[in-house]
Amino acid sequence: MTGSATKVATTTKYMSWVTLALMTTSSVASLRSAPAMAVYGLACVFLYIIPAILFLMPTSLVAAELASGWEGGVYKWVSEGLSKPLGFLAVWCQSAMTIFYYPSLLAYVASTFAYIIHPSLASNGVYVAIVIITIYWAGVYVSSQGTKTVAGLSSISLVIGTLIPGAVLVILGLVFLGQGNHSAAPMDSSHLLPAWTGLASLVLIVNNFLSYAGMEMNAVHVSSLRNPGREYPKAMFLAVGLVLVIFILPALAISWVVPSASLSLTAGVMQAFDAFFNHFSVGFLTPIIGFALVAAALGGMLTWLAGPSKGLLLIGRSEGYLPPILTRLNKHGVQQNMLVAQGVVTTLIALLYAFIPNVSSAYWILSVITTQVYLIMYVLMFAAAAKLRKNKPDHPRGYRAPALYALCWLGALSSVAAFAIGFVPPSQFGSGSPLVYLLIVGGGMGVVGLLVPYLFYRNRRDSWKFDVPKGEQV
């Protein structure tokens, strides 16, 4: 018996901390947010680093302790630390934020694709809405078929859609400056901080909270490290460094060649490539890079489409929180009805692009609503972590975050502050009505993030419960 146990122990497969750092980088880093920060030139460095310190590091370390002590993800953590109703709210927000995430992601796809067929379409709201609706429903169909080939698309997407284009963009930018060309954005020390225009200036930091969201999902791998206490912080600091490089350098490269006044938040990456390629007389490469960015974004969408709703599905079935029509599986074992219901709401949201004159404004509003909904989950996660450390200090944990209470306070206060600031219209959209902005953001967040889960929980039924296989329980 002892020999058998020893054999099992010696054959345990561990993950290196460098591997975990790269996995974390691939799940967080993206070029999609670069145009929004390129508007601020050199100040984008500040706008990326502050959320990394205030939000990314606390989230990473706190989620690691929770994941190493309680399996089942955010529902289990918040249910154990606070209550089951709040656990349901947390997992709902984690899933529901994708309702706003996909329209903003596909708006980026639509604007990028426009540069392949007709650049002027990038600012056409009706075109963007049609592309969002068409691609999303095609993705629902593919996902509902239980296609397994999309499982490996995330790593391919990182290389094709982020690393290669990002590196090319930065290299072109450096050569461009090296030839003596002037940067479109000032690069002197007086522009290290964004221009202060009141609270509206702080909204930029809020958008970057979403750029770093999702770290709690990678925390489940903490138990795969040989020495979690020593290796996990190293993995996170390396990941943070890599993520910052991938975020900051392409944003700077865009600011070097595209004036902020003409920069599109959805098509900014392609604007920069188009400008660089034309400058170096290789304009024929623009469609090629466009196809790479589109393919990578679509691969990422397919990879994530059914994933976030999986946890909500299991909880809805095991606890009776959702009606059977939503939790019923098709013959491929996919929650098709849930994806269709999500698609109906996504379609309605996509129509914002057809009715809001400025595509960049619609993109920004959807990004903020996504962040608002997701921040609710993070506040609950930080509160649960502090409560569990206090009430269950002896519960086995593979990793204990240093200064946990301070990290929880820092993360929670940053999330609450970001949540509040998110209701302030950003400075570059000051010409619009602040009241309309508040109603759209507050209404979207309130209905999807709070009202709908409350109604589901209030009307829960024991008859809605399904037997969930033991290996899939939360």
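Quick caveat, the model's predicted, so the values are computed rather than measured. (Residues numbered from 1 in each chain as written. Predicted model: local features only at pLDDT ≥ 70, side-chain atom pairs only at ≥ 80, totals over all residues. Heavy atoms only, no water.)

1. Some points on the packing of aromatic side chains
As enumerated under the stated definition, the model contains 13 aromatic pairs in all. An angle of 5° between the planes, with centres 5.1 Å apart, marks the rings of Tyr48 and Phe247 as stacked. Note that Tyr48 is positioned in helix α4 (residues 44-69) and Phe247 in helix α11 (residues 228-257), a separation of 199 residues in sequence. Residue classification places Phe247 among the buried positions, given a relative accessible area of 2%. (Phe/Tyr/Trp six-rings, centres within 6.5 Å; stacked < 30°, edge-to-face > 60°. Helix = DSSP H or I, 4+ residues; strand = E, 2+ residues; numbered from the N terminus. Buried < 20%, exposed > 50% of the residue type's maximum accessible area, 1.4 Å probe, protein only.)

2. A few points about unusual backbone geometry
For Ser281, which is not a glycine, the phi torsion comes out positive at approximately 60°. Locating Ser281 in the fold gives a position in the loop between α12 (268-279) and α13 (286-305). The exposure class of Ser281 is exposed, given its relative accessible area of 64%.

3. Some details on helix α16 (residues 336-350)
What sets the pattern is the α-helix's 3.6 residues per turn: residues three or four places apart point alike. The terminal C-alpha atoms of α16 lie 20 Å apart, and with 15 residues this matches the ideal 21 Å at 1.5 Å per residue to within 8%. When we look at burial in α16, the residues that qualify are Met338, Leu339, Gln342, Gly343, Thr346, Thr347, Ile349 and Ala350. (Expected span 1.5 Å × (residues − 1).)

4. A few points about the environment of Ala350
Note on placement: Ala350 falls in helix α16. Residue classification places Ala350 among the buried positions, given a relative accessible area of 0%. When the C-alpha atoms of Ala350 and Leu366 are compared, they prove to be 9.5 Å apart, with 16 residues separating the residues in sequence.

5. What to know about the confidence of the model for the protein chain
Confidence along the protein chain averages 80 in pLDDT terms, with 85% of residues attaining 70 or more. Mean pLDDT per element in the protein chain: helix α1 (residues 2-10) is the minimum at 44, and helix α19 (residues 404-421) is the maximum at 90. Every residue in residues 1-11 is under pLDDT 50, and counting partners more than four places away or in other chains gives zero contacts. (pLDDT = per-residue confidence, 0-100. Contact = heavy atoms within 4.5 Å.)

6. As for the pattern of salt bridges
For the coordinates displayed, the defined rule picks out five salt bridges. One salt bridge in this structure joins Glu65 and Arg397, with 3.0 Å as the shortest N-O distance. Highlighted residues: Glu65 in helix α4 and Arg397 in the loop between α18 (359-391) and α19, separated in sequence by 332 residues. Residue classification places Arg397 among the buried positions, given a relative accessible area of 12%. A cluster of three or more residues bridged by salt bridges with shared partners is formed by Glu65, Arg389 and Arg397. (Salt bridge = Lys/Arg side-chain N within 4 Å of Asp/Glu carboxyl O.)

7. Regarding the packing of helix α6 (residues 84-117) against α12
The relative placement of two packed helices is expressed as an angle between their axes plus a distance between the axes. Closest axis-to-axis distance for the α6/α12 pair is 8 Å, and the angle between their directions is 25°. Classified by the angle between their axes, α6 and α12 sit roughly parallel to one another. When the axes of α6 and α12 are compared, the crossing they make is right-handed. Between α6 and α12, the residues in contact are Tyr108, Thr112 and Tyr115 and Val269, Met270, Gln271 and Asp274, respectively. (Axes fitted to C-alpha atoms, helices over the stretch in contact; angles between N-to-C directions. Parallel < 35°, antiparallel > 145°, perpendicular 65-115°, else oblique. Left-handed = near helix turned anticlockwise from the far one by under 90°.)

8. Focus: α4
Counted at 1.5 Å a residue, the expected span for α4 with its 26 residues is 38 Å, and the 37 Å between its end C-alpha atoms agrees. If you look at α4, its biggest bend is around 45°, right at Ala52. Taking burial as the measure, the 26 residues of α4 include 20 buried ones, the bulk of the element. (Bend = angle between axes of the 7 residues up to and from the residue.)

9. Thoughts on the packing of α4 against α19
Where α4 contacts α19, the two axes come as close as 9 Å, and the packing angle between them is 130°. As far as their axial angle goes, α19 and α4 are oblique. Relative to α19, the crossing made by α4 is left-handed. Taken together, the residues of α19 that come into contact with α4 (itself represented by Ile53, Leu54, Phe55, Pro58, Leu61, Val62 and Glu65) are Leu404, Leu407, Cys408, Leu410, Gly411, Ser414 and Ser415. Residue composition of the contact of α4 with α19, by class: ten nonpolar, three polar and one charged. (Nonpolar A, V, L, I, M, F, W, Y, C, P; charged D, E, K, R; others polar.)

10. What to know about the environment of Cys93
Position of Cys93 among the secondary structure elements: in helix α6. Remark: the alpha-carbon pair of Cys93 and Val373, spanning 280 residues in sequence, is separated by 5.7 Å. Excluding residues within four positions of it along the chain, Cys93 makes contact with Val373, Tyr374, Ile376, Met377 and Gly449.

11. Topic: the environment of His279
Inspection of the secondary structure assignment puts His279 in helix α12. Taking relative accessible area as the criterion, His279 reaches 34% and is therefore assigned partly exposed. Along the primary structure His279 and Phe176 are separated by 103 residues, whereas in three dimensions their C-alpha atoms are 8.4 Å apart. If we skip the residues at most four places from it in the chain, His279 touches Phe176, Gln179 and Asn181.

12. Describing the side chain of Thr112
Take Thr112: it is sitting in helix α6. Thr112 has contacts with Thr266, Met270, Gly290, Leu293 and Val294, leaving out every residue within four places of it along the chain.

13. Things to note about a nonpolar patch on the surface
Taken together, the side chains of Val340, Val344, Val345, Leu348, Leu351 and Phe355 present a nonpolar region at the surface, about 520 Å² in accessible area. With four residues, α16 is the largest single contributor of residues to the nonpolar patch. The topology assignment puts Leu351 in the loop between α16 and α17 (352-355). Given the relative accessible area of 31%, Leu351 is considered partly exposed. (Patch = residues over 30% accessible without salt bridge, like charges linked within 9 Å, V, L, I, M, F, W, Y side chains within 5 Å. Areas by Shrake-Rupley, 256 points an atom, 1.4 Å probe, with all protein chains shown as cover.)

14. What to know about the side chain of Ser68
For Ser68, the location among the structural elements is in helix α4. Excluding its chain neighbours within four sequence positions, the residues that come into contact with Ser68 are Val222, Ser223, Pro396, Arg397, Gly398 and Tyr399.

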